[in-house]
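What follows is the residue order along each chain.
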Amino acid sequence: MTSFISGGITAAKDFLAAGIHVGVKSHKVEKKDLALIVSKRPCTASAVFTKNVVKAAPILVTRKHLENGKAVCVIANSGNANACAPNGIENAERMCALAAKVVGCNSDDVLVASTGVIGQELRISAIENGIDELYSKLSDTDEASDAAAHAIMTTDTIKKEVALETVIGGKTVRMGGIAKGSGMIHPNMGTMLCFITTDAAISSEMIKEALLETVKVSFNRISVDGDTSTNDTCLVLANGSAGNDEITEKNADYEVFVAALKALSIALARKMAKDGEGAKHLITCTVDGASSELQAETISKSVISSTLTKAAIFGADANWGRVLCAMGYSGENFDPDKVTVHFASAAGDIEVCRNGKGLLFDEAEAKKILSESEVEIIIHMGEGDSSCTCWGCDITYDYIRINGEYRT
């Protein structure tokens, strides 16, 4: 049985973390901006990256270092994306070398990630000056995970941190994760970094399969603003300290591992969607009764990505026409006359459209339902038995302000 527990990236056995301020962007900005995650044992590891053709230097370096499916640690900074920047590859490799020196491993066993402003050269001197202090702060405490989680944040208003435990092969297995992401979040990854650790024993081949399965139903089903970043990275490291028999095939133990990884990733994905830049509402859109899962997913993504739907939710306006409109331009064929739409939240559930036609409903009740911080759009297609859930957020005045001032 899988259950959520307190903690984050250090919840799994034999993982350490740290996060400090070194001044990557500016010494005037007193926020943590450099994180280090270290396993006491070599790990099997895998990652997925942005589908943006323009990829940041850390992605190119990490992808190369993961060719053997092994890693020992992760170093990550906020404040500068090291994307389209002078000396990008050299600085990403330098970050790996600095981490390798203090940890005592090969540079190829270090994975690197960055997030922040694009096009400006990374202040590698700040990282060089702070690496010894960063290493000295390594700990397996919840506070260490908290520090690392804060160090990778940019415009995030809350940290994203989750941990859980399950049982695999009779052994208690733990997973922990930290993530950042607030804007430029869209299906197929967004300006997000996500680092997941586990003490499960699993082969390089199987951890790669598990991550690909997981990303499809978690991070690839969220949207904030329709932009996809240059730096999106999701890493998972497994060090085997739990003592279970190594998972080398898709058996019952593999299914338990994947279920836990999905639960952790969906929890982190929801936190990212809820923390969209300036957002006031988390929007969950569930499409059921679809002819296929692909149809349900495509329609659900279209609804959560619709600017007009986002604006309606911001105003607590039960404008279900925006929902049908977004469904209609999703590219999927369906019969509008079979569609039913509900809005729901902790304040109640209200049906606003049946068989493609509007219903008389209590506007005051609908506004009360949509005024909750978490709202649901529930769509019944009437065409089959497939379903899908995606997550997004509303769009507010603050979104424009935050992004208008981001670089300066």
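In this report, we go over the structure that sits alongside the text. (Residues numbered from 1 in each chain as written. Predicted model: local features only at pLDDT ≥ 70, side-chain atom pairs only at ≥ 80, totals over all residues. Heavy atoms only, no water.)

### Re unusual backbone geometry
Look at Asn87: it is not a glycine, yet its phi comes out positive at around 55°. Residue placement: Asn87 occurs in the loop between β4 (70-77) and α2 (88-103). Overall, the relative accessible area of 41% leaves Asn87 in the partly exposed class. At Asn355, a residue that is not glycine, the phi angle is positive and equals roughly 55°. Topologically, Asn355 is positioned in the loop between β12 (348-354) and β13 (357-358). Relative accessible area serves as the criterion here: at 43%, Asn355 is assigned to the partly exposed category. (Helix = DSSP H or I, 4+ residues; strand = E, 2+ residues; numbered from the N terminus. Buried < 20%, exposed > 50% of the residue type's maximum accessible area, 1.4 Å probe, protein only.)

### Re the pattern of salt bridges
Two side chains of opposite charge can pair, provided their charged atoms sit close to one another. Following the criterion strictly, the structure yields 13 salt bridges and no others. Among the ionic pairs, Glu374 bridges to Arg270, the shortest N-O distance being 3.2 Å. With Glu374 in strand β14 (residues 374-380) and Arg270 in helix α6 (residues 252-274), this pair connects stretches of sequence that are 104 residues apart. Judged by its relative accessible area of 34%, Glu374 is partly exposed. Of the residues examined, Arg270 reaches a relative accessible area of 26% and is grouped as partly exposed. Among the charged side chains, a salt-bridge network with shared partners connects Arg221, Glu293, Glu297 and Lys301. (Salt bridge = Lys/Arg side-chain N within 4 Å of Asp/Glu carboxyl O.)

### Let's talk about the pairing of strand β5 (residues 110-114)
Counting buried positions along β5 gives 5 out of 5 residues, so the element sits mostly inside the fold. A two-sided burial pattern is seen for β5, the buried positions comprising Val110, Val112 and Ser114 on one face and Leu111 and Ala113 on the other. Of the strand pairs in this sheet, β4 and β5 are connected by 5 bridges, and their pairing is parallel. The partner of Val74 across the bridge, within β5, is Leu111. Once the chain exits β4 it traverses α2 before rejoining the sheet at β5, and the crossover so formed is right-handed. (Pairing = 2+ DSSP bridges. Right-handed = clockwise from strand over helix to strand, strands pointing away.)

### Thoughts on the sheet that holds β12
In space, the 6 strands of this open sheet follow the order β13-β12-β11-β14-β10-β15, with mixed pairing throughout. Each having just a single partner strand, β13 and β15 (386-393) make up the two edges of the open sheet. Across 7 bridges, strand β10 (residues 282-290) lies against β15 in antiparallel orientation. Within β15, the residue paired with Ala290 across the bridge is Ser386. Helix α9 (residues 320-328) contacts β11 (340-345), β12, β13 and β14 of the sheet and is inclined by roughly 125° relative to β11. Sitting on the sheet, helix α10 (residues 363-370) is in contact with β11, β12 and β14, with an inclination near 120° to β12. (Contact = heavy atoms within 4.5 Å. Axes fitted to C-alpha atoms, helices over the stretch in contact; angles between N-to-C directions.)

### Some words on the side chain of Ser300
Tracing the chain through its elements places Ser300 in helix α7 (residues 293-305). Within polar-contact distance, the side chain of Ser300 engages the backbone nitrogen of Cys390 at 3.5 Å. (Polar contact = N/O pair within 3.5 Å; in protein donor to acceptor, adjacent residues only side chain to side chain.)

### Looking at helix α1 (residues 57-65)
The set of residues buried in α1 consists of Ala57, Pro58, Ile59, Val61, Thr62 and His65. Contacts made by the buried residues of α1 are with β3 (34-49), β4, α2, β5 and β9 (233-238).

### A short note on a negative patch on the surface
On the surface, Asp317, Asp349, Asp362, Glu363, Glu365 and Glu376 cluster together into a negatively charged patch. Tracing the backbone shows Asp362 in the loop between β13 and α10. Overall, Asp362 belongs to the partly exposed group, its relative accessible area being 43%. (Patch = residues over 30% accessible without salt bridge, like charges linked within 9 Å, V, L, I, M, F, W, Y side chains within 5 Å. Areas by Shrake-Rupley, 256 points an atom, 1.4 Å probe, with all protein chains shown as cover. Lys, Arg positive; Asp, Glu negative; His and termini not counted. Charge placed at Lys NZ, Arg CZ, Asp CG, Glu CD.)

### Re the pairing of β14
In this sheet, β14 lies alongside β10 in parallel orientation, the contact comprising 7 bridges. Counterpart to Asp288 in the pairing with β14 is His380. Here β11 pairs with β14 via 6 bridges, running antiparallel. Bridge pairing links His342 to Ile378 in β14.

### A look at the packing of α1 against α2
Direction vectors running N to C along α1 and α2 enclose 55°, while the axes themselves pass 8 Å from each other. Looking at the two axes, α1 sits oblique to α2. The crossing of α1 and α2 is right-handed. Contacts between α1 and α2 involve Ala57, Pro58, Leu60, Val61, Lys64 and His65 from the former and Gly88, Ile89, Ala92, Glu93 and Cys96 from the latter. Tallied by class, the residues present in the contact of α1 with α2 amount to 7 nonpolar, 2 polar and 2 charged. (Parallel < 35°, antiparallel > 145°, perpendicular 65-115°, else oblique. Left-handed = near helix turned anticlockwise from the far one by under 90°. Nonpolar A, V, L, I, M, F, W, Y, C, P; charged D, E, K, R; others polar.)

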